[in-house]
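# Summary of structural features
Chain by chain, the residues:
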Amino acid sequence: MRPLKATINHHGLLSNLNHTKKIANKSKVMSVLKANAYGHNLLDVAKTLKSSDGFAILSIDEAIQLRENNFDQTVLLLEGFFDKDEVRIASELSINVTVHNQRQIELINQVKPISPINIHLKINTGMNRLGFMPEEINYLLETLNSNPYIEDIVLMTHFSTADEKEGIEKQLGIFNLISDNYNYPASVANSAAIIRYPESRLDWVRPGIMLYGLSPFENKIAKDFDLIPVMSLISEIIAVQNIKTGDLVGYGSNFKANKNMRIGIVACGYADGYPRHAKNGTPVAIDGHLSSLVGRVSMDMLYVDLTQIPSANIGSKVELWGEQVFVDSVAKLAGTVGYELICAISASHRVPIRNINA
Ligand SMILES: *Cc1c(COP(=O)(O)O)cnc(C)c1O
């Protein structure tokens, strides 16, 4: 069998949740499990994180899966529903829906669900992605409050720069100005805000990336926050080439040896979800020794430098990311963020995902 696999450390996952709960203090924790739990497998992750107060996912299918597997926490659809059937299902299964546009309110009124549904009303405080404008909220809440098809209401917003120097001050200010007029529970914080801004830990928090042991900040690593990397991407050397000074490596010949070198070929490529844009010098660990990529990543394989690791050979273990090589470091050299890399592995449908310590 091809040696490439992703392993999911469930001890680490649970430890990250418990750490998040400690930081979150009195806030209820809604673990974000969208994108197949950031590529870690929805149901397996839900099981390990079952002590969460809630789960946030994207699609009604994921919500159904959670209910069918007896998860009875609050479940939130982050984009709400898209048609009348989904309104009915949300009502039957008691799924919380994000309501962010007028059309969704019209659909609820047309369906007239038998049991009223619980909503998270999304306010656009500056991200300009989903949500009603702040000046619409007073009027909306008046109508929603007397709407017989709507039960509980949570006020919600999402930050665009919780991980950057601009921070959340402006957006949180706009949110609080509205929220302070009412008694509705509030939910605003993603991982970066949870860690960085105590004032954003309101009735609910919505951690995603930190649960999976990645840093939400570009210039920090997960270890800085006592978070444990959960996914390891592991493969093996499947071939070795001894090359001479001046020899070229890979498609486009974009690596030229400036000395005699030993090159290892690793079973992992961009069709598996490894980033094609990873530069020469991107870190890898071979049998526990740090080394780096050379040449261009191909569809099924990539090249690593074995020159300084004479013991490495065909069959040597390669950690592409995990506990030794942080996914954030790989992401940086590929011009992206760790979020994209961990999601890509499961989305490729080529890499077996194995639970350890489950
Ligand atoms: C994805 C998402 C989160 C979690 O964000 P992280 O940065 O992964 O913590 C929280 N809230 C909403 C609305 C999201 O879409």
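Calculation notes
Residues numbered from 1 in each chain as written. Predicted model: local features only at pLDDT ≥ 70, side-chain atom pairs only at ≥ 80, totals over all residues. Heavy atoms only, no water. Near = heavy atom within 4 Å. Polar contact = N/O pair within 3.5 Å; in protein donor to acceptor, adjacent residues only side chain to side chain. Areas by Shrake-Rupley, 256 points an atom, 1.4 Å probe, with all protein chains shown as cover. Pairing = 2+ DSSP bridges. Helix = DSSP H or I, 4+ residues; strand = E, 2+ residues; numbered from the N terminus. Right-handed = clockwise from strand over helix to strand, strands pointing away. Domains from an automatic or database assignment. Contact = heavy atoms within 4.5 Å. Buried area = accessible area lost by both parts, 1.4 Å probe. Salt bridge = Lys/Arg side-chain N within 4 Å of Asp/Glu carboxyl O. Nonpolar A, V, L, I, M, F, W, Y, C, P; charged D, E, K, R; others polar. Buried < 20%, exposed > 50% of the residue type's maximum accessible area, 1.4 Å probe, protein only. Arc of directions from axis to C-beta.

## What about the site of the ligand?
- Around the ligand sit 15 residues, and of these Lys34, Tyr38, Ser191, Ile209 and Tyr339 come closest.
- Tyr38 is positioned such that a nitrogen or oxygen atom in its side chain is 2.6 Å from an oxygen atom of the ligand.
- The contact in question runs from a nitrogen atom of the ligand to an N or O atom on the side chain of His158, over 3.5 Å.
- When isolated, the ligand has an accessible area of 390 Å², and the protein chains bury 93% of it.

## Points about the pairing of strand E4 (residues 74-77)
- Two strands pair when backbone bridges link them, and strand E3 (residues 54-57) and E4 are joined in this way by four bridges, in the parallel orientation. Following the sheet pairing, Gly54 is matched in E4 by Thr74.
- Read as a crossover between parallel neighbours, the route from E3 over helix H4 (residues 60-68) to E4 is right-handed.
- Sheet topology places E4 next to strand E5 (residues 96-99); two bridges connect them, and they run parallel. Note that in E5 the partner of Leu77 across the bridge is Val97.
- Once the chain exits E4 it traverses helix H5 (residues 84-92) before rejoining the sheet at E5, and the crossover so formed is right-handed.

## Notes on the environment of Glu169
- With respect to the helices and strands, Glu169 occurs in helix H8 (residues 169-179).
- Along the primary structure Glu169 and Glu199 are separated by 30 residues, whereas in three dimensions their C-alpha atoms are 9.6 Å apart.

## Things to note about the domain arrangement of the chain
- As assigned here, the chain comprises domain 1 (10-214) and domain 2 (231-356).
- Domain 1 and domain 2 are separated by 37 Å when their C-alpha centres are compared.
- Residue-level contacts link eleven residues of domain 1 with eleven residues of domain 2.
- Of the roughly 970 Å² buried between domain 1 and domain 2 on both sides combined, carbon and sulfur atoms contribute 60%.
- If you look at where domain 1 meets domain 2, you find zero salt bridges.
- At the surface where domain 1 touches domain 2, the tally comes to four residue pairs in polar contact (both at pLDDT 80 or more).
- With four residues, the single largest contributor to the side of domain 1 that touches domain 2 is helix H2 (residues 34-39).
- Residues belonging to the side of domain 1 that touches domain 2 are distributed by class as follows: five nonpolar, five polar and one charged.

## A short note on H4
- For H4, the complete set of buried residues consists of Ile60, Glu62, Ala63, Leu66 and Arg67. Along the axis of H4, the buried residues cluster in a sector spanning 160°; they form a single face. With respect to the buried face of H4, the exposed residues turned more than 90 degrees away are Asp61 and Glu68.
- Two residues or fewer past H4, Asn70 is found with a positive phi of approximately 65°.

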